[in-house]
Amino acid sequence: MKTNKFWFATAAAALVTVICVFTSCSKEDEPFLPEVIESEVLETGISNDVNEVSGTEGTKLSYESWIVVKGQTRAAFENKVSVTLCNQLNNVDSVITVQSFELGEYTTDIDYQPYAQRSEGFVTVTDSVLVYKVIFDQFSFAYNLQFEVPVYNDGVTRQTMPYHRYGNIKDNGCTLEEMDFLVEASDNGMEYVYLRKLLSHSLTVEFNGSEYTLTAKIELRRNLGTAPCIVKSEVLEDGKDILQSGVFGALSEVHYQSWIKVKQFWSDGNVVEKTYTNQCAVEISLNTESKMYKILPDIEIIREKAATVTGETEETAFGSETEYIRSYVTHKSYEIKYNYFTLTYLFQDMVPVYDDNVTRHQMPSYQFDQISDSFRLSAGADDYVNGNPAFGYIFYSKLSFQFGNIESSFDKDISLYVLK
């Protein structure tokens, strides 16, 4: 930064003589400083007259800081030393690549960093920066508020000279605006398509009683891949239709079709409307352990409680006729606890999702609902269990449920034995 060199207003003629003698022995481009035997600070001051220069990159601020020192070299002296300090408030203008435009909330952080020094006689000026950082999950950017701190040091007296500080930093928030997509050629000769949005942010800072606003213009780019590709899409309508339901062996299944009509805008200018369908299948079954025969102390069976437990969700391409549709299968269990055993029914609900890398839309789906259970007992054939004679019984478990507008049930029988 450009500064005015400090100067000595010498009060004693003897001091002038001393300085001249020493100066004549030094190099012309390196002014010599006399050895100070003792010194003390009489007064310090700072100018409130700040020179301001504004531009597209930011605002430059400069002002004078001074100190009056009384001391002794080989002669007494009283000097006023002044230095011009320069501050810089920088705007931010950058391009950042992101994975998505779901930015979420941001946090902020303030840090102070020195980065350079310069000397002017007995004064050392440290260039520092107040870093105001704006932090999103995917990226961050920072404002650099540069300022200078002068320190007088003649070898006897060392004192920080006055300087203006930044205060009352106010974050003004941010906005996100749509921009036209961009097709850009890479070094490998391929053309890549980018969706773009403009993130605008600003903050206000106080300096010497005045407020200054800094702005950030961040162009966010999301790479969609090579051209041509979809840059915008609109869901026109969607629906679902049950195709088939019933019990098939050990499973109760429902098959249905989910469909979606979409208007797609491509990077090459084409606009098309398409309807996509997805064949879905959901099922319910009794787990292996529950189906095994059971040996009981008696046949007085009491139902205690039942609960639905949701498990993991996995992605599958089952039933998809296009790369834009993926189905998500959620595994659930319905556990019925009796006094002597527990039955666990397994559910699989399927939800298809349309995702063309620009628009993501959950398509219509059916799920098991209004689940209830009941049981009944009947006598079975006596038998031997593990070599022991036993009374035989049949336990009929019935699970009722609703699927869309279809009411259905799933029945399963389990062999029970009571030793004679």
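Residues numbered from 1 in each chain as written. Predicted model: local features only at pLDDT ≥ 70, side-chain atom pairs only at ≥ 80, totals over all residues. Heavy atoms only, no water.

Participant: Where do I start with the overall build of the protein in this structure?
Facilitator: Within the protein one finds 2 helices and 24 strands. The proportion of buried residues among the 420 residues of the protein is 39%. Within the protein, contacts between residues at least 6 apart in sequence are counted, and of these 63% link residues at least 24 apart. As displayed, the protein has an accessible area near 23,000 Å², and 45% of this comes from carbon and sulfur atoms. (Helix = DSSP H or I, 4+ residues; strand = E, 2+ residues; numbered from the N terminus. Buried < 20%, exposed > 50% of the residue type's maximum accessible area, 1.4 Å probe, protein only. Contact = heavy atoms within 4.5 Å. Areas by Shrake-Rupley, 256 points an atom, 1.4 Å probe, with all protein chains shown as cover.)

Participant: How should I be thinking about the sheet that holds strand E12 (residues 210–226) in this particular structure?
Facilitator: To summarise the sheet geometry, strands pair through backbone hydrogen bonds and adopt either a parallel or an antiparallel arrangement. If you trace the 4 strands from one edge of the open sheet to the other, you get E5-E12-E11-E10, paired in mixed fashion. Looking along the sheet, the strands with just one partner apiece sit at the ends: strand E5 (92–97) and strand E10 (166–185). Sheet twist, expressed as the average angle between the axes of neighbouring strands with direction ignored, equals 15 degrees. As defined by bridge partners, E10 adjoins strand E11 (residues 191–207) across 14 bridges and the pair is classed as antiparallel. Its bridge partner being in E11, Lys170 is matched across the sheet by Thr204. (Pairing = 2+ DSSP bridges. Axes fitted to C-alpha atoms, helices over the stretch in contact; angles between N-to-C directions.)

Participant: Just to check I follow, could you spell out the layout of surface pockets for this structure?
Facilitator: Unoccupied space between atoms shows up once a probe the size of one water molecule is rolled over them. In this structure, the largest pocket encloses a volume near 470 Å³. As for the largest pocket, its lining consists of 21 residues, of which Phe101, Leu195, Arg222, Val231 and Val358 are closest to the centre. By residue number, the principal contributor to the lining of the largest pocket is E10, which donates 4 residues. Taken together, the residues that form the lining of the largest pocket break down as 7 nonpolar, 5 polar and 9 charged. (1 Å grid on protein atoms, 1.4 Å probe; cavity = no way out; pocket = protein on both sides within 12 Å on 5 of 7 lines; lining within 4 Å. Points joined across faces, edges and corners; volume = space filled by probe spheres on them. Nonpolar A, V, L, I, M, F, W, Y, C, P; charged D, E, K, R; others polar.)

Participant: Any chance you could explain the pattern of salt bridges here in plain terms?
Facilitator: Pairing is possible between side chains of opposite charge, provided their charged atoms come close. Applying the stated criterion to the full structure yields 14 salt bridges. Residues Glu120 and Arg118 are paired through a salt bridge, measuring 3.4 Å at the closest nitrogen-oxygen approach. Judged by relative accessible area, Glu120 falls into the buried class, the value being 7%. Taken together, the shared-partner salt bridges in this structure form one network comprising Arg118, Glu120, Asp127 and Glu148. (Salt bridge = Lys/Arg side-chain N within 4 Å of Asp/Glu carboxyl O.)

Participant: Looking at this model, I keep getting lost on a nonpolar patch on the surface. Mind explaining?
Facilitator: A surface patch of nonpolar side chains, amounting to about 270 Å² of accessible area, comprises Tyr293, Ile295 and Leu419. With respect to the helices and strands, the residue Ile295 is situated in strand E16 (residues 294–296). (Patch = residues over 30% accessible without salt bridge, like charges linked within 9 Å, V, L, I, M, F, W, Y side chains within 5 Å.)

Participant: Would you take a moment to explain the environment of Glu312 for this structure?
Facilitator: With respect to the secondary-structure elements, Glu312 resides in strand E17 (residues 303–316). Setting aside anything within four residues of it in sequence, one finds Glu312 in contact with Val329, Thr330 and His331.

Participant: What is the right way to look at the side chain of Ser333 in this model?
Facilitator: Relative to the assigned elements, Ser333 resides in strand E18 (residues 325–338). Aside from chain neighbours lying at most four places away, what touches Ser333 is Ala307, Thr308, Val309, Thr344, Tyr345, Leu346 and Phe347.

Participant: When you look at the packing of aromatic side chains in this model, what are you seeing that I'm missing?
Facilitator: Overall, the coordinates contain 21 aromatic pairs when judged by the stated rule. Consider the rings of Phe122 and Tyr152, whose centres lie 5.9 Å apart with planes at 75 degrees: the pair is edge-to-face. With Phe122 in the loop between strand E6 (107–120) and strand E7 (123–135) and Tyr152 in strand E8 (residues 140–153), this pair connects stretches of sequence that are 30 residues apart. Across the pair, Tyr152 and Phe122 agree in class, each one buried. Consider the rings of Tyr345 and Phe410, whose centres lie 6.1 Å apart with planes at 80 degrees: the pair is edge-to-face. Of the two residues, Tyr345 sits in strand E19 (residues 342–355) while Phe410 sits in strand E24 (residues 406–419), which places them 65 residues apart along the sequence. Each member of the pair, Tyr345 as well as Phe410, carries the same accessibility label: buried. Put simply, the rings of Tyr112, Phe147, Tyr166 and Phe207 touch in pairs and so form one group of aromatic residues. In this structure, Arg165 is placed above the aromatic ring of Tyr163, and the distance from its NZ or CZ to the ring centre is 4.2 Å. Lys420 extends its terminal NZ or CZ atom over the ring of Phe391, reaching a point 5.1 Å from the ring centre. (Phe/Tyr/Trp six-rings, centres within 6.5 Å; stacked < 30°, edge-to-face > 60°. Lys NZ or Arg CZ within 6 Å of the ring centre and 35° of its normal.)

Participant: Even after reading the chapter, I still don't get the nonpolar core, so can you show me in this structure?
Facilitator: For soluble globular proteins, the rule of thumb is that nonpolar side chains tend to be buried together. Counting residues in hydrophobic clusters, the biggest one holds 43 residues, and the most contacted among them are Phe139, Phe141, Tyr143 and Leu220. Listing elements by their share of this core, those giving two or more residues are strand E3 (58–72), strand E4 (76–90), E5, E7, E8, E11 and E12. (Core = buried A, V, L, I, M, F, W, Y, C linked by side-chain atoms within 4.5 Å.)

Participant: Would you take a moment to explain the pairing of E12 for this structure?
Facilitator: Within a regular strand, the side chains alternate between the two sheet faces. Taken together, the 6 bridges between E5 and E12 define a ladder with parallel strand orientation. Counterpart to Thr97 in the pairing with E12 is Arg221. Pairing of E11 with E12, which is carried by 16 bridges, proceeds in the antiparallel orientation. In the strand pairing of E12, His201 is matched with Ala216. Connecting the antiparallel pair E11 and E12 is a turn made up of 2 residues, with Asn208 showing a positive phi of about 55 degrees.

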